[in-house]
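Reading the structure
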Amino acid sequence: MKPRRLWRFGAPMIAAGAALALAVTACGGDSDGGSDSAATSGAGPNAGQSVAIVGYSVPKLAYDDLQAEFLKTDAGKGVKFSETFGASGTVSKSVASGQKADFVTFSLEPDMKRLVPKFVAEDWNADSTKGQITNSVVVIVVRKGNPLKITGWDDLIKPGVKIVTPDPASSGSAKWNILAAYTHTLAEGGTDAQAQDYLTSFFKNVVSKPASGADATTTFTQGTGDVLISYENEAIGAKQKGVDVDYVVPKETFLIENPAAVTVTASAAAKAFLTYAKSDEGQAIFAKHGFRPTDKNATIGTVEGANDPSKPFPTIEKLTTIADLGGWSKVNKEFFDADNGIVTKIENATG
Amino acid sequence: MSTAVEPASTASPARPRAARTATPGGARLGRGSGLGLGVAVLWLSLLVLIPLAAVVTRGFSGGWSGFWDNITDPNALRALRLTVVSSLLVAAINAVMGTLLAWVLVRDSFPGRRLVDLIIDIPFALPTIVAGLVLLAVYGTDSPVGIHLLGTEKAIVLGLLFVTLPFAVRSVQPVLMALDREVEQAAACLGAPPRTIFRRVVLPLLLPAIASGATLAFARAVGEYGSVLLISGGLSRTRVSSMYAFQKIENFDFLAVAVTATVLLAISLLVILGLDLIQRAAARRG
Amino acid sequence: MGSRRSARLVQRAIALLYVGILVLVPIVVVTWKTFSPGPAAFWDAISSQQAVTAFRLTAEIALASVALNTVFGVGLALLITRYRFPGRRLLSALADLPLSVSPIVVGLALVLVYGPVDGWFGKGLHDAGIDIIFSLPGMILATTFVSFPLVLREVVPVLAEEGIEQEQAARVLGASALQRFLRITLPIIRSALLYGIVLSLARSIGEFGAVLVVSGNVSGENQTQTVPLLVGERVQQLEPGSFQLAFLLILVTVLVIVLVFLRRDRSDRAGAVLADPVLADPGLADAEPGHAATVVTASDNVGLDDAAIDRGGLR
């Protein structure tokens, strides 16, 4: 071939070759298949097994830490992890649609119940914590320095306050937030009608409804809105990441309880991981990320990012729980039913 | 009139060549080519046609009433309105700026002209999420140039302009390049000022190319997702139809998605039809 | 003359300003944001296990998608330009459809057909142990879908334009189909083919929305996150490293464009010489600008005088 022809052919060939080289080197450098480099030649009982974690968006960093620590234990040596995190409702329905999962954790119980009995065994909540793995409370996240001087829920319905809260259609976090907003009125001694009025004013101030709890934090961080309603641990996590926010723990708020379980097809490694996550060690890791442990007697060290790192989890004056409202089945129907739910109607009315 | 114009590929920079073509009816299918056609059609069906049919089917799985309910959902309508209005605006801007850019690239010459020609292709080839990140970096809250457009409709339009930049330019460029200057020169000899020459000699010849480029820009803009996702700021007023559809996918509300998708598909088909008509009209006009 | 000159300067200024603000400024800002955390941050961002796996995945998917689209693109182009059969124009139009479909719709469409629980074919496939959605084959399908016509559209105009007489001559002289293809057709379409491949490659590397929907966004061992998806996750999760990955993607894109540009420029110069008045002939149809070639029917042996104009065009 003449030199010019060679060049004309050559340039795109180089491009293709570069791509190929990339693939080959990436292949060669990736012999582990994605598992953490900490797990090497362990001869643990679960070595070689894989655990697919599917979870709601908020605890991702906590689970990253849990995995790293678990891999150092005997039970965890040689285990391979994979993970998907997203809005609680979404990932739950994903598993129901066939996404592979061994360990599942959601923001609230109904997203777990959806998978029973086909994907999760009926006795998933028969243990001492009733299937719950972490707790938190709903807090109000504000811009650094709290420029709008928010002290509690009632400040949120003042005109001009722009609220960011996730979309209850996909996000579990959203439902906790809304219940907290609603029940604070009741906790103050108000009636159901007053609570609904509050919620209506609340939604009028909502400017953004991202798909998941983590998405909402990101949206807020990137500049949308004045306040973000979120989990206490999400607020702490944001501060740990260096985001310029503060958070207010309201006098009346709601107790968030997150379930976790293994699926019916789960490996022994997955079961071991669940045990680890619920153990003192695991709960301490959760606490480091701002989650309130389910065991009331657990020791909590300092938590970076909390309003007071030495006392990171203040007692709430008036804490409402889902049990107070009659459980999730009742609450889902009454509040979030697609046609007649109290919240659905308010959302439709306020656009 | 000799306007041997080259067939521009709108999805890509074009190559100027004479468009003398010759497919004298083509050959009839033999056994080998018949088989090849079968395989090709099968592949096209499995990859494209059947999935798209599934979308339309699911869209009507709730019957006409289900379809209607979902179309008239206020959130869906708002998203559609934003999508169509932004895309039309973008198409119009591209028609003007695309022509100007093509003109400058073809008729003008200055140092760096080829660099500009190259830069124009970048937004099209860029991964959409990267385009989105790029926009967020420049026009978000951390903007180093002090422009804050997060969550505004302006930002959506900006994002769409970014990714549709090459369409009109690449459509018009080859036509301009192959244009016979004789008529323009004759008009100039006869005393016509440059603006008139452009308006009455050149522009009519460019119109089909401009229209087709603008139409393709519109089609791309209507379906665009990744590049406008981040800059939209999560507000419902800046949620375009593709984002609305994705949200419904996250909720596994496939009926709602399918209805939106069917509407978007219908728009795409209209666009293709429109393009076809434009080209036939141009060919007829000769 | 003076006003003409100043008019030209104004036009030039507007054009440059438009392109500069729209494209250059953002690229510069991103480059700055990529490197201001320093080289260590850059290395961390692109060398994590997740990133490396993402590179590999992206490369695999892109190569598979480009290979498929090249084979079927050239095949379809040959069928459309060299043969006639009922539905030829419909086929051509349908083959163009993917370019106008929103990536989210693409994702949904594939899930509806190939999803493991409810998919038209997916259910059966899943029972047989074949997983498409939430897994690599689905991502390849999605990427192939969105870049399907890119090779086809580059090759068709060229094929429609040239080579028929040579191929017919070769056939008469006894060359087999394969020989004809390799020695006559391929050299003719080589430039267009390479350009289409490169475009297809760029598009396949960068696809986001469609892959997001079909992949399940899994990271870790069975990672289904490509590089664009990883960028998306890092942005959403407020994790560092999104700009660095994005920068790499920009680099690859620009490289691809530059390479193509250089080639095209060369062949343009050659082509432009050929394209001129010699061949432009009154009585021949003008091709429509924009999309497809006008198909001019010239009778086989006689020459230009008998040219008839087929308005159909090739779509």
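Quick caveat: nothing in here was measured; it's all calculated off a predicted structure.

1. Section: the side chain of Ser136 of chain A
Residue and element names in this part refer to chain A. Tracing the chain through its elements places Ser136 in strand 4 (residues 132–143). At 3.3 Å, the side chain of Ser136 and the side chain of Asn233 are in polar contact. Ignoring sequence-local partners within four residues, the contact set of Ser136 consists of Tyr231, Glu232, Asn233, Phe254, Leu255, Ile256 and Arg292.

2. Re the domain arrangement of chain C
Residues and elements named next belong to chain C. Splitting chain C by domain gives domain 1 (1–36) and domain 2 (39–308). Across the contact, six residues belong to domain 1 and five residues belong to domain 2. Both sides together, the interface formed by domain 1 and domain 2 hides about 590 Å², and carbon and sulfur atoms give 82% of it. The three residues of domain 1 that bury the most area against domain 2 are Val30, Thr34 and Phe35, which together make up 67% of that side's buried surface. Our enumeration of links across domain 1 and domain 2 arrives at zero salt bridges. Counting across the interface, domain 1 meets domain 2 through two residue pairs in polar contact (both at pLDDT 80 or more). Its residues placed into classes, the side of domain 1 that touches domain 2 shows three nonpolar, two polar and one charged.

3. Describing the nonpolar core
Ranked by internal contacts, the top residues of the largest apolar core, which has 177 residues, are Leu52 of chain B together with Leu108 of chain C. Ranked by residues supplied to this core, first place goes to helix 6 (residues 153–178) of chain B with 14 residues. In contact with Leu108 of chain C, not counting residues within four places along its chain, are Val55, Ile249, Phe254, Val257, Ala258 and Ala261 of chain B together with Val213 of chain C. Ranked by size, the runner-up nonpolar core spans 63 residues in total, among them Ile140, Trp153, Phe254 and Leu274 of chain A.

4. With respect to the side chain of Thr262 of chain B
Residues and elements named next belong to chain B. You can see Thr262 is positioned in helix 11 (residues 254–285). Look at Thr262 and you get buried, because its relative accessible area is 11%. Within the structure, Thr262 has its side chain in polar contact with the backbone oxygen of Ala258 (distance 2.6 Å). The residues contacting Thr262, other than those within four sequence positions of it, are Val55, Val56, Gly59, Phe60 and Phe67.

5. Overview of unusual backbone geometry
Note the cis peptide between Val116 of chain A and Pro117 of chain A, where omega equals -5°. By the element assignment, Pro117 of chain A lies in the loop between helix 4 (109–113) and strand 4. At Lys130 of chain A, a residue that is not glycine, the phi angle is positive and equals roughly 55°. Assignment of secondary structure puts Lys130 of chain A in the loop between helix 4 and strand 4. Classification of Lys130 of chain A by relative accessible area gives exposed; the value is 58%. Non-glycine residue Phe252 of chain B carries a positive phi angle of around 55°.

Rules used throughout
Residues numbered from 1 in each chain as written. Chains lettered and ligands numbered in written order. Predicted model: local features only at pLDDT ≥ 70, side-chain atom pairs only at ≥ 80, totals over all residues. Heavy atoms only, no water. Helix = DSSP H or I, 4+ residues; strand = E, 2+ residues; numbered from the N terminus. Polar contact = N/O pair within 3.5 Å; in protein donor to acceptor, adjacent residues only side chain to side chain. Contact = heavy atoms within 4.5 Å. Domains from an automatic or database assignment. Buried area = accessible area lost by both parts, 1.4 Å probe. Salt bridge = Lys/Arg side-chain N within 4 Å of Asp/Glu carboxyl O. Nonpolar A, V, L, I, M, F, W, Y, C, P; charged D, E, K, R; others polar. Core = buried A, V, L, I, M, F, W, Y, C linked by side-chain atoms within 4.5 Å. Buried < 20%, exposed > 50% of the residue type's maximum accessible area, 1.4 Å probe, protein only.

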